[in-house]
Structure formats: structure tokens, C-alpha cells
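# Descriptive structure summary
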Amino acid sequence: MKNGNYILKKRWIRTLVISSACFAILAVLNFFGIFDSLEYKSYDYRVVKTAEKYTPSEDIGFIIVDQESIDWALENKGWSWPWPRESYAQIIEFLSFGGVKTIAFDMLYTEPSLYGAQDDLKLAEAQKASDRVIQTVFITGSEETLKVQYPIEPIKNTATILGNITSVSDSDGLIRRGRITYNLNGEEIPTLGMASVFLENKKNNTELKDLPTLKDGTVLLRYQSSIENYIPYRASDILKSYDDWQSGAEDSLLVPNDFENMYVFFALYAPGLFDICSTPVSQVYPGVGVHITTLDNYLSDSFITKLPDFISYFWIFILAFIGSGLVIFPTKLHSHGKSIFVSGLGFIVALCFGAFVPVFLFSIGFWILFVTPIVAMILSFMV
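### Examining the pairing of strand E13 (residues 282-286)
Relative to E13, strand E12 (residues 276-279) is paired through three bridges, and the arrangement is antiparallel. Bridged to Ile276 within E13 is Pro286. Where E12 hands over to E13, the hairpin turn is made up of two residues, counted between the paired strands.

This is how it looks when you write it as C-alpha cells:
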């Protein structure tokens with residue numbers, strides 16, 4: 001019995017030594033970002049595979065200026081591109097009358113209207129009357145080379161709040177994270193997606209929810225499989241409906257009440273007009289989708305929470321320990337062939353387990369490392 005206990009103890013020690021050594025190697029490699037590229041790919045895979053589990057908010061819609069809208073406006077209104085700002089004033093008036101919560105414009109008005117100063121004033125007056133319009137500010141550069149693009153004065157001064165449209169990307173250029181605010185010379189400016197929340201909180205005298213922010217203050221976004229999972233409207237349809245509403249027509253395509261209590265984003269969608277970014281769900285993704293996703297995640301509490309580093313490193317050690325244990329403990333079975341079979345079968349089961357846990361956790365909102373722990377188990381098993 002003593003001999004048996006000694007052998008068992010020896011196996012435990014061997015397993016611990018090998019797994020600890022493999023853990024140390026992989027922990028160092030992970031710390032220096034050796035597996036970042038593969039980890040990003042595994043992260044993106046999890047985003048795509050779990051996207052369908054989350055239903056988009058029905059309180060969010062977006063209005064698009066697509067090619068069909070541009071063609072309609074030229075034919076029926078005589079408007080070439082860019083449109084007069086009176087057109088946006090009409091949209092604001094239509095939505096506001098129906099009780100829309102906020103209207104966020106994902107476009108910059110940095111130059112006076114080509115149609116004259118009165119055209120700018122029409123938009124400014126509509127914004128002021130609405131008291132729920134969000135205009136954009138674009139912040140680029142570092143503290144030394146900071147550059148801020150504001151809307152022109154009439155539009156800036158009558159917007160209810162400004163939202164920053166500067167995105168934050170990872171080292172491979174993909175946008176997986178979103179900002180909540182941007183500190184501009186001591187002033188906290190919300191991002192375009194969160195500006196709606198800040199505006200609502202200010203009106204209702206409420207505080208921001210506790211968010212699972214990373215060390216840099218960003219949040220991990222859970223994207224829908226497509227931006228069109230939200231409710232899209234053509235700008236031309238809104239303008240047609242505005243004309244019908246003004247004339248008292250009863251067979252209008254849309255009525256203002258269709259937008260009651262909705263958060264609406266307005267974006268350019270025609271070829272050559274809208275900004276494109278890369279996200280886990282698409283390499284060609286409309287930039288407004290990042291802001292919509294940020295708001296949706298906030299409303300539905302579906303931001304992804306990154307588990308603390310010590311949990312990820314503990315997970316690396318656990319899989320490394322399993323990997324070495326699968327070889328060491330079956331070595332004294334009745335035959336060498338049986339030992340190999342048990343080790344091999346155990347390794348396959350453990351590999352499936354090691355892959356399942358991160359995917360399952362991601363589906364319920366938690367991100368833990370995928371690649372480094374799997375590599376640790378394989379290395380430990382081989383050693």
C-alpha cells in the first residue's frame with residue numbers, strides 16, 4: 001500500500017511539475033501578446049456564433065440616405081446631392097411630433113449649407129424646437145496633435161447634445177470595443193451611441209448603469225449578425241410621409257407615431273457616402289452600426305464582460321494540468337495499448353471541454369481566453 005501511495009504521489013508531482021512549467025511558458029507568451037492574433041480570431045468566431053441568441057432592441061431604428069432616396073429626391077424635389085438642410089429639418093419635425101426619444105445624426109455639418117445661411121437656420125430651428133437632436137463631433141489625434149471637428153455654430157449651438165463618432169480599434173484594425181465617453185480638455189463627451197442615454201438620464205435625473213468597462217474605459221460590444229436586424233427606414237420614405245402628413249393625406253406610408261419612444265439614428269448609406277469599418281461580423285460594416293450596437297448593448301445589458309486576468313491564467317493552468325495528467329496517470333494500466341487509448345480518448349474529450357467552456361461562457365456574456373489554454377494543454381500533453 002505504501003508503494004502504491006508513493007507511486008501515486010510521484011505521478012501527482014510529475015503532473016504538477018510539467019503542467020507548471022508549461023503554464024509558465026504559455027503565461028509569458030500570452031503576456032507578450034504572441035497569441036493575440038489567434039485569440040482575436042477565436043473571439044470573432046464566438047461573436048458570430050452567439051449573435052443570433054440576442055434579439056435586437058425594437059426601440060432602435062435608423063434612417064438611411066441610400067441611392068434610391070437620392071434618386072427620388074432629385075426626381076421629385078429637384079434636390080441634387082448634398083440635400084438642403086431643410087430636408088433634415090423636415091425629418092426632425094416629423095419624428096419629434098410622433099414622440100421620438102432621440103434623433104442621432106451620424107454625419108458632420110462642418111461647412112455652411114450650399115443653399116445659403118437660411119437653410120442652416122431651418123435645421124437649427126427644427127433642432128431647437130425638438131430638444132432631442134444629437135449632432136456629431138469628430139475627435140482625432142493625440143493630446144499633442146488633437147484635432148476636433150465641430151458642426152458649424154448654428155447647428156452646434158442648437159443641438160441638444162453632441163456625440164463623438166471616433167471609434168477605437170484593436171491592433172488588427174477591427175472594432176470590437178466601444179467608448180462610453182471621450183475626455184476633451186476636461187469635458188466628458190459621450191459617444192454617439194451613448195449620447196442618447198446621457199440625454200435621457202439628464203432629463204430623468206438618473207445615473208448611468210454600472211458597465212463592464214475594460215482598463216481603458218471601453219466596453220466589449222456584442223454585435224448583431226447584421227445591422228439590418230434593426231428597423232431600417234429610407235430617408236425618401238420619411239420625406240414622402242412628411243409631405244402626406246403636412247397635406248393631411250390619410251394613406252401615408254408612415255405616420256409620426258410610428259416613431260414613438262424610439263431611438264433613431266440617421267446615416268448616409270449610398271455608395272461612396274457612408275463610412276465603412278471592420279467588425280467581428282463583417283469586414284464591410286457601416287460605421288453607424290457601431291454606435292447602434294453600443295446603445296443596444298446598454299439598453300439590453302448585453303455588453304461582453306472580460307473575466308479578470310487571474311481567472312484566465314488559472315484556466316491556462318487547469319488545462320495544462322489536465323494535458324499532462326492524461327499521459328501520466330494512465331501509464332500503469334494493464335497494457336501499453338490500453339494506456340495509449342485512454343490517453344488519446346481523454347485528450348479528445350478534454351480538448352472538446354477546453355473549447356466548449358469559453359464558447360458557453362461567451363454565450364452568456366463572459367469572455368475568457370480560448371487559444372492560450374488550449375495550446376497549454378497540447379504542449380503539456382506532448383511533454
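More follows now that the structure is in view.
### Some words on the pattern of salt bridges
With the rule as written, the count across this model stands at 14 salt bridges. Residues Arg176 and Asp44 are paired through a salt bridge, measuring 2.8 Å at the closest nitrogen-oxygen approach. Taken together, the positions of Arg176 in the loop between strand E5 (161-164) and strand E6 (177-178) and Asp44 in helix H2 (residues 36-50) put the pair 132 residues apart, joining distant regions of the chain. The exposure classification of Arg176 matches that of Asp44, with both residues buried. Among the ionic pairs, Lys306 bridges to Asp309, the shortest N-O distance being 2.8 Å. Owing to a relative accessible area of 37%, Asp309 belongs among the partly exposed residues under this scheme. Among the ionic contacts, a cluster of salt bridges with common partners joins Asp44, Asp170, Asp172, Arg176, Arg177 and Asp216.

### Focus: the packing of aromatic side chains
By the definition in use, this model includes 23 aromatic pairs. Pairing Trp79 with Trp83 gives two aromatic rings, centres 6.0 Å apart and planes at 50°, and the pair type is tilted. Across this residue pair, the class does not change: Trp79 and Trp83 are buried. Through a chain of ring-to-ring contacts, the aromatic side chains of Trp79, Trp81, Trp83, Tyr88, Phe105, Tyr109 and Phe266 assemble into a single cluster.

Rules used in this analysis
Residues numbered from 1 in each chain as written. Predicted model: local features only at pLDDT ≥ 70, side-chain atom pairs only at ≥ 80, totals over all residues. Heavy atoms only, no water. Pairing = 2+ DSSP bridges. Helix = DSSP H or I, 4+ residues; strand = E, 2+ residues; numbered from the N terminus. Salt bridge = Lys/Arg side-chain N within 4 Å of Asp/Glu carboxyl O. Buried < 20%, exposed > 50% of the residue type's maximum accessible area, 1.4 Å probe, protein only. Phe/Tyr/Trp six-rings, centres within 6.5 Å; stacked < 30°, edge-to-face > 60°.

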